[in-house]
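Chain by chain, the residues:
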Amino acid sequence: MNRTTHLTLALAACAAPGLAAACACGCGVFDVGTSSMFPTGTGGMVFIEQDFMDQNQNWSGTASAAALNNSDQRIRTNFWTMGAQYTFTRSWSVAVEVPYWDRLFDTIGDTGTLGTFNHSAQGDVRVKGIYTGLSPDLSTGITFGVKLPTGDSTYANFDPDTEIGTGSTDLLLGAYHLDRFGADSSWSWFANAQWEQPVAHKAIYRPGAEIDAVVGTYYRGWNFGGSVRITPVLQIEGAYRRHDGGTLGQPQDSGYTRAFLTPGIELDTGNVRIYADVANAVYTNSSGNQLMARTLFKLNISAAF
């Protein structure tokens with residue numbers, strides 16, 4: 001398969017009402033990507049990805065807030081994802097992503113004592129179809145699928161919105177477009193967006209619906225002999241998440257709008273590609289008090305077959 005660059009929007013936020021523990025994590029945004037995750041011909045791809053997020057700053061509205069306003073003090077997460085994608089025809093592909101999370105959670109309990117909890121478990125599996133029959137060159141596509149409630153949502157020391165799994169079944173619907181520009185077509189641009197809508201959930205917790213989008217550009221790269229190529233990438237990423245619901249959903253301390261500026265680089269060695277980026281928050285507007293990560297890190301290794 002002919003792929004050029006990889007991007008996945010990495011972004012999440014955590015919330016807490018006053019001194020109640022809560023953390024609304026919009027981790028579906030990891031699923032928004034650039035051309036390396038979209039089919040350009042028949043064949044398959046497998047990948048493994050690590051994302052790192054350290055939510056250690058309390059935020060309210062568009063500014064940082066006092067840590068004492070939030071009983072949740074820190075949420076540090078390593079996200080590991082294994083995935084596969086296969087294109088059967090020029091119009092149809094299927095993709096599967098299986099995540100595994102390792103999370104540290106510092107929170108102040110009812111007695112005023114800081115507690116630290118560590119938990120690792122499988123996250124919510126995503127299954128998607130991709131339709132690329134809208135244009136002759138496969139540059140425009142529609143994605144659709146489901147997020148399954150396979151993640152652990154019952155760990156006793158986490159709140160419903162801190163759990164690794166949301167306990168909900170979500171519908172996924174997105175669209176993307178890729179194109180080139182410049183006199184010699186040495187530059188490319190892309191746009192990708194996805195809507196995630198919970199349709200079945202627990203009575204105690206309904207995660208907020210979320211829209212994630214990315215617009216970016218990349219240079220065709222520099223060749224270093226043979227098939228080795230280095231490609232710089234620059235993205236503007238954004239997300240909008242609605243308030244959570246349910247009896248323990250804490251709607252007053254969940255929901256946000258965020259934007260990131262994300263430089264990245266890809267090393268292409270033929271069938272194997274290594275991609276890394278650093279997302280830097282440039283705008284945050286959150287409801288109530290929420291723990292935010294200001295910088296997000298990503299590493300993706302993929303192989304085409």
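Our subject is the structure listed above.
Caption draft 1: Structural view of the overall build of the chain. Assigned secondary structure in the chain consists of 0 helices and 17 strands. Here the chain holds 305 residues, and the buried ones make up 52% of them. Look at the contacts in the chain between residues 6 or more apart in sequence, and 67% of them connect residues 24 or more apart. Split by element, the accessible area of the chain, about 12400 Å² in all, is 62% carbon and sulfur.

Caption draft 2: Just the environment of Ala-213, in detail. Mapped onto the elements of the fold, Ala-213 is located in strand E12 (residues 210-219). Each C-alpha atom, one on Ala-213 and one on Gln-194, is 6.4 Å from the other, the two residues being 19 residues apart in sequence.

Caption draft 3: Spotlight on the packing of aromatic side chains. Here the structure, examined in full by the defined rule, presents 12 aromatic pairs. Geometrically, the ring pair formed by Trp-92 and Tyr-131 is tilted, given 4.8 Å between the ring centres and 50° between the ring planes. Of the two residues, Trp-92 sits in strand E6 (residues 92-108) while Tyr-131 sits in strand E8 (residues 126-131), which places them 39 residues apart along the sequence. Site record: aromatic cluster; members linked through ring pairs are Phe-181, Trp-187, Tyr-219 and Trp-222.

Caption draft 4: Examining the pairing of strand E17 (residues 295-304) more closely. Where burial is concerned, the two faces of E17 differ: the one with Leu-296, Lys-298, Asn-300, Ser-302 and Ala-304 is buried and the one with Thr-295, Phe-297, Leu-299, Ile-301 and Ala-303 is not. Judged from the 9 bridges that link them, strand E2 (residues 43-55) and E17 form a sheet pairing that is antiparallel. Its bridge partner being in E17, Phe-52 is matched across the sheet by Phe-297. Note: strand E16 (residues 272-292) against E17, 9 bridges, orientation antiparallel. Directly across from Tyr-275, in E17, lies its bridge partner Asn-300. Where E16 hands over to E17, the hairpin turn is made up of 2 residues, counted between the paired strands.

Caption draft 5: Focus on a nonpolar patch on the surface. The grouping of Ile-48, Trp-80, Met-82, Tyr-100, Leu-267, Val-272, Ile-274, Leu-299 and Ile-301 at the surface amounts to a nonpolar patch, some 750 Å² of accessible area in total. Contributions of two or more residues to the nonpolar patch are made by strand E5 (72-87), E16 and E17. Topologically, Ile-48 is positioned in strand E2. By relative accessible area, Ile-48 is classed as partly exposed at 36%.

Caption draft 6: How the structure looks around the nonpolar core. Membership of the largest hydrophobic core is limited to 10 residues, which are Met-53, Phe-79, Trp-101, Ala-121, Ile-164, Phe-260, Ala-279, Ala-281, Ala-293 and Leu-296. Setting aside residues up to four positions removed in sequence, Ile-164 forms contacts with Trp-101, His-119, Ser-120, Ala-121, Gln-122, Gly-123 and Asp-152. Ranked by size, the runner-up nonpolar core spans 8 residues in total, among them Leu-178, Val-214, Tyr-218 and Tyr-275.

Caption draft 7: Structural context of the pattern of salt bridges. Scanning the entire structure with this criterion turns up 10 salt bridges. Between Asp-124 and Lys-147 there is a salt bridge, with its nearest N and O atoms 2.8 Å apart. With Asp-124 in the loop between strand E7 (114-122) and E8 and Lys-147 in strand E9 (residues 140-147), the pair connects residues that are 23 residues apart, well separated along the chain. Taken individually, Asp-124 and Lys-147 each receive the classification buried, so the pair is uniform in this respect. Taken together, the salt bridges that share partners define one network made up of Glu-49, Asp-51 and Lys-298.

Caption draft 8: Structural view of unusual backbone geometry. Its identity is not glycine, yet Ser-185 carries a phi of approximately 55°, on the positive side. You can see Ser-185 is positioned in the loop between strand E10 (169-181) and strand E11 (187-200). On the accessibility criterion, Ser-185 (34% relative accessible area) is partly exposed. Positive phi values are uncommon outside glycine, yet Gln-250 reaches one of about 50°. Its place among the elements puts Gln-250 in the loop between strand E14 (229-241) and strand E15 (256-268).

Reading the values: the criteria
Residues numbered from 1 in each chain as written. Predicted model: local features only at pLDDT ≥ 70, side-chain atom pairs only at ≥ 80, totals over all residues. Heavy atoms only, no water. Helix = DSSP H or I, 4+ residues; strand = E, 2+ residues; numbered from the N terminus. Buried < 20%, exposed > 50% of the residue type's maximum accessible area, 1.4 Å probe, protein only. Contact = heavy atoms within 4.5 Å. Areas by Shrake-Rupley, 256 points an atom, 1.4 Å probe, with all protein chains shown as cover. Phe/Tyr/Trp six-rings, centres within 6.5 Å; stacked < 30°, edge-to-face > 60°. Pairing = 2+ DSSP bridges. Patch = residues over 30% accessible without salt bridge, like charges linked within 9 Å, V, L, I, M, F, W, Y side chains within 5 Å. Salt bridge = Lys/Arg side-chain N within 4 Å of Asp/Glu carboxyl O. Core = buried A, V, L, I, M, F, W, Y, C linked by side-chain atoms within 4.5 Å.

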